[in-house]
Amino acid sequence: MGGFGAFLRDNALFLSAGVLLSFTSSFGQTFFISVFAAGIMRDFGLTDGQWGLLYTVATSCSALAMLWAGVLTDRFRVRHLHVGVTLLLAGAALAMATVTSVAALAVTVFALRFAGQGMMFHVGVVAMARWFVATRGRALSVASMGVATGQALLPVAFVALLGVADWRVLWVVVAGVVLAGLPAMQRLLRAERTPRSLAEAPQAAGMRGRHWTRRDLLGHWLFWAMVPMLLAPPAFGTALFFHQVHLTQVKDWALVDYVALLPLFTAVSIAAMFLSGAVLDRVGSARLMQGLMLPYAAAFAVLAGAQTLWSAAGALMLFAAGAGAQATVPAAFFAEFFGTRHLGAIKALSAAVMVFGTAIGPGLTGALIDAGFDLPEQMPGIAAWFLGSGVLAAWAIARARRDLAAAPQVDVAGA
């Protein structure tokens, strides 16, 4: 613990910046936006299917936008890029408070998803993966505490506030909270490590000792073998939260009792974050990536047949174990296998895939629900997808690991 305490103390400013970025991304995440679904559908006259379609289209557009905007992390310091992302997220929150048409609502949801779930989280993850090399796993796990905290506290807090305030008013509150993070971030990053400065920040090479570009990544079979795995957690994890009202109705559980399990989910995910971060720094990302889908598959298999909230708690704990590792392992994997010089562009591509997953998950499962297949009936198939994508990824990583030792891993100009 002494070593970890020293790590926290010596890097407090940079780690705090990562936590703040991660936490602020919560306001564009599905677990937060879905809290307002009832008020949105009521005021705009939308059915569940129409709201799900709008959400899917807006999120898909944000995934496409990430392909362009994610590259900005290779060109600008976090302290500068954060300002623009923060202003966009705050503006989107204010727009939610005033929007009056369905078309404008779609644009606003796009802005929330792009600025929050997309860019705010992307900036934080890329910063941690680039600033830290030997302790990358621990840095990513600490930074991910932000979104874990947001998931534990924000839905409960805002559900309670909905009992005393209109949902539109609460989006004004969100804008104020987001803007409050600006001066704090500027203070934390007074002496920020510079992304483009090799003299200040070591650039870790990837496979074959190369610094892979996004074009190189798209031309390598490893990335395409990873795509089904990258899609699965955001697609079906988002669907699980998005359709939680439907799930509790099918299972005949009280929604308030099911939501009360979320602190347990958060506790397990936090433990998994720190455990995976510590293991990452010891054994690298490859072995963890090869087993990353197993807890997800088990979670959906258990939840499919769950009859009691105790069974649901067990399923959510398994899901949380996967989600905690998911917060640290993929980012470290891309840095380790493809290098950090062009990490912003590379991570933007993987982030776009994952954001696209969050778009198709609710839409696909919602369409199947409308077709007569309730969510628990879909879960065995979802578990099979996790297993299949995990096996494909494990095979691909085993082949690619041979290229990791091909050349020295770190270039440091002037070192």
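Residues numbered from 1 in each chain as written. Predicted model: local features only at pLDDT ≥ 70, side-chain atom pairs only at ≥ 80, totals over all residues. Heavy atoms only, no water.

Novice: Give me the nonpolar core: which residues, what numbers.
Specialist: Formed by 129 residues in total, the largest nonpolar core has its most connected members in Trp-51, Leu-105, Trp-171, Leu-222, Phe-337 and Phe-338. With 14 residues, helix α12 (residues 221-242) is the largest single contributor of residues to this core. Non-local contacts of Leu-105, meaning those with residues more than four positions away in its chain, are made with Ile-40, Phe-44, Leu-46, Trp-51, Leu-54, Met-96 and Val-99. (Core = buried A, V, L, I, M, F, W, Y, C linked by side-chain atoms within 4.5 Å. Buried < 20%, exposed > 50% of the residue type's maximum accessible area, 1.4 Å probe, protein only. Helix = DSSP H or I, 4+ residues; strand = E, 2+ residues; numbered from the N terminus. Contact = heavy atoms within 4.5 Å.)

Novice: For the side chain of Thr-238, give the residues involved together with the corresponding values.
Specialist: With respect to the secondary-structure elements, Thr-238 resides in helix α12. For Thr-238, a relative accessible area of 9% gives the class buried. Discounting chain neighbours no more than four positions away, the residues touching Thr-238 are Thr-30, Pro-233, Thr-358 and Pro-362.

Novice: How would you explain the packing of aromatic side chains if you had to name every residue and give the values?
Specialist: Each aromatic ring pair is summarised here by two numbers: the centre-to-centre distance and the angle between the ring planes. Across all of its chains, the model carries 23 aromatic pairs by this definition. Pairing Phe-36 with Phe-158 gives two aromatic rings, centres 6.3 Å apart and planes at 65 degrees, and the pair type is edge-to-face. Within this pair, whereas Phe-36 is found in the loop between α3 (30-33) and α4 (37-44), its partner Phe-158 is found in helix α9 (residues 145-161), the two being separated by 122 residues in sequence. When sorted by exposure, Phe-36 lands in the same class as Phe-158, which is buried. With 6.1 Å between their ring centres and 15 degrees between their planes, Trp-253 and Tyr-258 make a pair best called stacked. (Phe/Tyr/Trp six-rings, centres within 6.5 Å; stacked < 30°, edge-to-face > 60°.)

Novice: Outline the environment of Ile-382, supporting the account with residue identities and numerical values.
Specialist: Structurally, the position occupied by Ile-382 is in helix α21 (residues 375-400). A relative accessible area of 5% places Ile-382 in the buried class. Here the alpha-carbon distance between Ile-382 and Leu-255, two residues 127 residues apart in the chain, equals 23 Å. When near neighbours in sequence (up to four residues on either side) are disregarded, Ile-382 contacts Phe-236 and Phe-300.

Novice: Outline the side chain of Ser-26, listing residues and values.
Specialist: When you line up the elements, Ser-26 lands in the loop between α2 (12-24) and α3. Using a relative accessible area of 0% as the deciding quantity, one classes Ser-26 as buried. With residues near it in sequence (within four places) discarded, Ser-26 still touches Phe-31, Phe-32, Gly-146, Val-147, Gly-150 and Leu-154.

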